[in-house]
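Single-letter residue listing:
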Amino acid sequence: MNKALSDTPVPFQLNGREAAPLVAPGQRLSEVLRESLSQRDVKIGCDAGDCGACTVLIDGDPVCACLTPAHQVAGRKVETVQGLNAQDPVATRLKQSFLDHGAAQCGICTPGMIVSAVALLRDVPAPTETQVQDALGGVLCRCTGYRKIIDAVMGAPAMATETAGQVGDAIQHLDGIEKVSAVVKYGDDVAPAGCLEVMVIRSPFARATFEIGDLEGFAQAAGLDAVLTVADVPGQNCFGVIPGFEDQPVFAERETRFRGEAVAALVGARDAMRAIDPDVLPIVWTELPAAQDMGAAQSVSAAQLHKGRNNNVMCTGFVTCGDPEAALERAHVTVEGRFQSGFVEHAYIEPEAGFAELVDGRLEVHACTQAPVMDLDGLSLVLGLDRAKIRVVPTAVGGGFGAKLDMSVQPYLALAAIKTGKPVRLCYSRTESMQSSTKRHPCDITLRIGADEDGKLCGFDFRGSFDTGAYASWGPTVANRVPVHASGPYRVADYVAQAKGVHTNNPPSGAFRGFGVPQSAIAQESLFDELAEKLGMDALEFRIANALDNDVPTVCGQVFDQGVGIKSCLEALRPAWDLERAEAEGFNARNEKLKRGVGIASGWYGCGNTSLPNPSTIKCGIRADGSVVLHQGAMDIGQGANTVITQIFATALGVEAGQITRVGVDTDVTPDAGKTSASRQTFVSGNAARLSGKALRAAILERLNVAEDAVLGFRDREIHATDAAGSHVLTLSALAADEDGFVLRAEESYDPPTKPLDDNGQGHPYAQFGYAAHLAVVEVDTALGIVRPVKFVAAHDVGQAINPMLVEGQIHGGIAQGLGMALMEEYIPGRTENLHDYLIPTIGDIPPIEAIIIEEADAHGPFGAKGLGEHVLIPTAPALLNAIKHATGVRLYKGPATPSVVHEALKKSVMQ
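S.K.: Lay out the overall build of the chain with the relevant residues and their values.
M.R.: Looking only at helices and strands, the chain features 24 helices and 35 strands. For the chain, the C-alpha radius of gyration of 28 Å lies close to 29 Å, the compact-globule estimate for 912 residues. For the C-alpha atoms alone, the extent of the chain along its principal axes is close to 85 × 85 × 60 Å. Each of the 912 residues in the chain was classed as buried or not, and the buried ones make up 62%. Within the chain, residue pairs in contact and separated by at least 24 positions form 77% of the contacts whose partners lie at least 6 positions apart.

So this is what it looks like as structure tokens:
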């Protein structure tokens, strides 16, 4: 007779201490470490051995804890990153090296990276690059682009400097020590032990009706605490990010519009939830015909997804100037093409996660988010609660890239906490995350461009459709931003660009590093190469001849009298362009199967909202003990906002960055610094920080009656100022403290100056643009269709590099994502719902990257600085595709350029 298996103690050594947790049959080591032994430094990104975030050492060997049954470590030695940091000198040196190279951005992959690197360095103290890539190849990173990690492990010369941390100094990430020490708390790290958990029930079909049976009875029989359905939503059963486009329900009411849409949720204790079999839930599904491409969605027979959005068109965008039709007619040469791309998954290593509880009658939500105040506003509408009754305290964010601007776990956590009155947690599985999160918009673009005999652009006609999925999300932003940017950073006097967002029965498409501009850049930059070829011009010189400059109008009629740096970016690539093209010619003469190509592309990006208010507020103060406090409400998702904004503030105040005490994001205590998106934080929140620092400095100088150039010092409950007249002292204990404990304070806001666009798209959509130009070298195996990137050279105009190390980190990370978009990444609903079937670049895929920093000061940016995060990705894919064309003679019009796609295109070219 079979006996029920029971939990048994499993004794092993954990970080030098004896442990004997109770382990259930088949239980993962990762779960035992995190939940039973509180080792939250072990991160969970996939539960499938795909991401490597959970890597630990067992008897010195690196393994994925999520694939290791806990019973297998009985009597063995297990080491996690925190144990290594405390006891291993190799880990100590490595931790410092990661800081010195900026090798930890969001930090979620850092524990797995460090653990794997320690195992390597114990055996091979001075590894080669290939050995590092082999040892760390099982750990995925979505932020850094891996090159800084390789430098850190190999012990390359440090980039970080020990300075005062003023603007221009390459100091370490100010929050970096928390990340390399693995003590920073992410969305699934903050919940107290033993709290209730939430399971969201989702549609298995792209479109379906459903009937929920006795779910309450099912839950009671299973020992659960609560059931959530649309009946439990006290406010509006919809949320969104754009006013007027809040259209996504918390729970579908009668019909689901995409695979993965939520219809209900269960709440219960961890053990009870683990025993639930989703296949026996009392829900009857009826699958309906689904429109999963834009053509089908706009056909007369297609079901309308949303009332008032005729033909399933969500909205449109439009920009025109001059007479493009007449210009194309008179052009000496014209080129045209149709370009298509599919969904791209954000694939951050941290799935959506959070925790909620009621504290003294108020709801507190802790979650990984890019937009805490937007979460607060959205929850207020869904819950029907006054904003004052809700507090959002963001956790650290293990990668966002745009998708964590939208609410995900937040409404389910809030509803569960309110209904049960108990603390609740929720962490999406990797499959759940990939089913339900937003994606990069698929596109279908037709473009025609002309040029005159002198190689000057002469007419430009762009038409783009973007699959926005079942709900709007950031689709309206994409539809309006693309026509502004589709020209690229070039002078086009006769121009028309139209874009539209189309609803389908696909997952919602939202914000993803570039908001549609990377897709339009592929079409525009590909055809620029074709134009240059037709004209017999060098592709780089063609771009330089047509590049925007100061005092030259954009397609929106906007004129900048300074800071237009695209020509400088392109000119900075001339030496590499000449060298690499010559080397490619020699390489190709020597090789028959392998062919080398060099491609170039540029990009631009307007920082912040398009012709809309975009304010940020930063608060600061001085306490009686002399400490300087910065309330920094801009979410740092790995890009370095905590460091950059502190550097700007410290420079404006006149103190060292290390003297600043930073208060992190909390809607109760930090003013609204706006969402972390659209490359706005350095520019907008940086300006607010600069103004706050200046105001606080002015208050100090006024009290002391000292000169503007006085040197300030804070010590022993006093402020010391030294100017030409001598030394002056302000005794802080003599000043009254306010409600924040400040004896001196300042709070300033900044909103970029923009003007609305008229019916023709003319106006001032952005106060500043950032500019970039990339050169890519590839080798193509013409027999197999395999594309191998060999090198990148990337020139970026950032106005003023607030922190050059962080600038390089953003360049590397954006190139890695652009490489994935160009060569391997394509999300297919229902098929690529894990990190095994959906491939992102690994440490072996990213070649050396040379970053060239251009500084054409912006008139509005803090100390001349411009945003950077979105810009980096825009030229990467077209540069790679142009390189493939140079290597093979074949132009690709539909991505990604996977081996099968390239091979098929090569076959067709031979047959023609």
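The rest of the description comes next.
S.K.: Let's hear about the pairing of strand β29 (residues 711–715): which residues, and what values?
M.R.: Note: β29 against strand β30 (residues 718–723), 5 bridges, orientation antiparallel. Paired with V711 across the strands is T722, a residue of β30.

S.K.: I'd like a description of the nonpolar core, backed by residues and values.
M.R.: One finds F98, M113, V153, I449 and Y495 to be the most contacted residues of the largest nonpolar core, which totals 168 residues. When residues in this core are grouped by element, the largest group, 9 residues, is from helix α16 (residues 517–535). Each residue touching V153, except ones within four places of it in the same chain, is listed here: L94, F98, A117, L120, L121, V132 and L136.

S.K.: How would you summarise the pattern of salt bridges if you had to cite specific residues and measurements?
M.R.: On inspection of all chains with the given rule, the structure shows 52 salt bridges. Among the ionic pairs, K907 bridges to E904, the shortest N-O distance being 3.8 Å. Pair noted here: K907 and E904 are both in helix α24 (residues 899–911), with a separation of 3 residues, about one helical turn. Take K907: its relative accessible area is 41%, and that puts it in the partly exposed class. Residues joined in a network through salt bridges with shared partners are R34, E35, R40, K43, D188, D189 and R425.

S.K.: Explain the environment of R430 to me, and be specific about the residues and the numbers.
M.R.: On the secondary structure map, R430 appears in helix α14 (residues 430–436). A relative accessible area of 4% places R430 in the buried class. Taking the C-alpha atoms as reference points, R430 and Y348, separated by 82 residues in sequence, lie 10.0 Å from one another. Excluding residues that lie within four positions of it along the chain, R430 makes contacts with G45, C46, A347, Y348, I349, E350, P351, E833, N834 and L835. There is a polar contact of 2.8 Å between the side chain of R430 and the backbone oxygen of G45.

S.K.: Quick rundown of the packing of helix α3 (residues 89–101) against helix α4 (residues 110–123)? Include the residues and the values.
M.R.: Relative orientation and spacing of two packed helices are given, respectively, by the angle between their axes and the distance between those axes. For the pair α3 and α4, interaxial distance at closest approach is 10 Å and the crossing angle is 130°. It follows that α3 is oblique to α4 by the angle criterion. Between α3 and α4 lies a crossing of right-handed hand. Across the interface between the two elements, V90, A91, L94 and F98 from α3 touch T110, M113, I114, A117, V118 and L121 from α4. Among the residues making up the contact of α3 with α4, the classes are represented as 9 nonpolar, 1 polar and no charged.

S.K.: Before we move on, could you go through the sheet that holds strand β3 (residues 17–19) and cite the residues and values that matter?
M.R.: Here we have 5 strands laid out as an open sheet, ordered β3-β2-β7-β5-β6, and mixed in their pairing. Each edge of the sheet is formed by a strand with only one pairing partner; in this case those strands are β3 and β6 (61–64). Between one strand axis and the next, the sheet turns by 35° as a mean value, whatever way the strands run. Looking at chain direction, strand β5 (residues 55–58) and β6 are connected through 4 bridges and run antiparallel. Across the sheet, the residue bridging to T55 is C64, located in β6.

S.K.: Go over the environment of L819, please, and point to the residues and values.
M.R.: Turning to its location among the elements, L819 is positioned in helix α22 (residues 804–823). Relative accessible area serves as the criterion here: at 1%, L819 is assigned to the buried category. Between the alpha carbons of L819 and I840 there is a distance of 9.1 Å; along the sequence they are 21 residues apart. Non-local contacts of L819, meaning those with residues more than four positions away in its chain, are made with P789, F792, M824, P841, D845, I846, P847, T876 and L880.

Rules used throughout
Residues numbered from 1 in each chain as written. Predicted model: local features only at pLDDT ≥ 70, side-chain atom pairs only at ≥ 80, totals over all residues. Heavy atoms only, no water. Helix = DSSP H or I, 4+ residues; strand = E, 2+ residues; numbered from the N terminus. Rg over C-alpha atoms; globule rule 2.2 N^0.38 Å. Buried < 20%, exposed > 50% of the residue type's maximum accessible area, 1.4 Å probe, protein only. Contact = heavy atoms within 4.5 Å. Pairing = 2+ DSSP bridges. Core = buried A, V, L, I, M, F, W, Y, C linked by side-chain atoms within 4.5 Å. Salt bridge = Lys/Arg side-chain N within 4 Å of Asp/Glu carboxyl O. Polar contact = N/O pair within 3.5 Å; in protein donor to acceptor, adjacent residues only side chain to side chain. Axes fitted to C-alpha atoms, helices over the stretch in contact; angles between N-to-C directions. Parallel < 35°, antiparallel > 145°, perpendicular 65-115°, else oblique. Left-handed = near helix turned anticlockwise from the far one by under 90°. Nonpolar A, V, L, I, M, F, W, Y, C, P; charged D, E, K, R; others polar.

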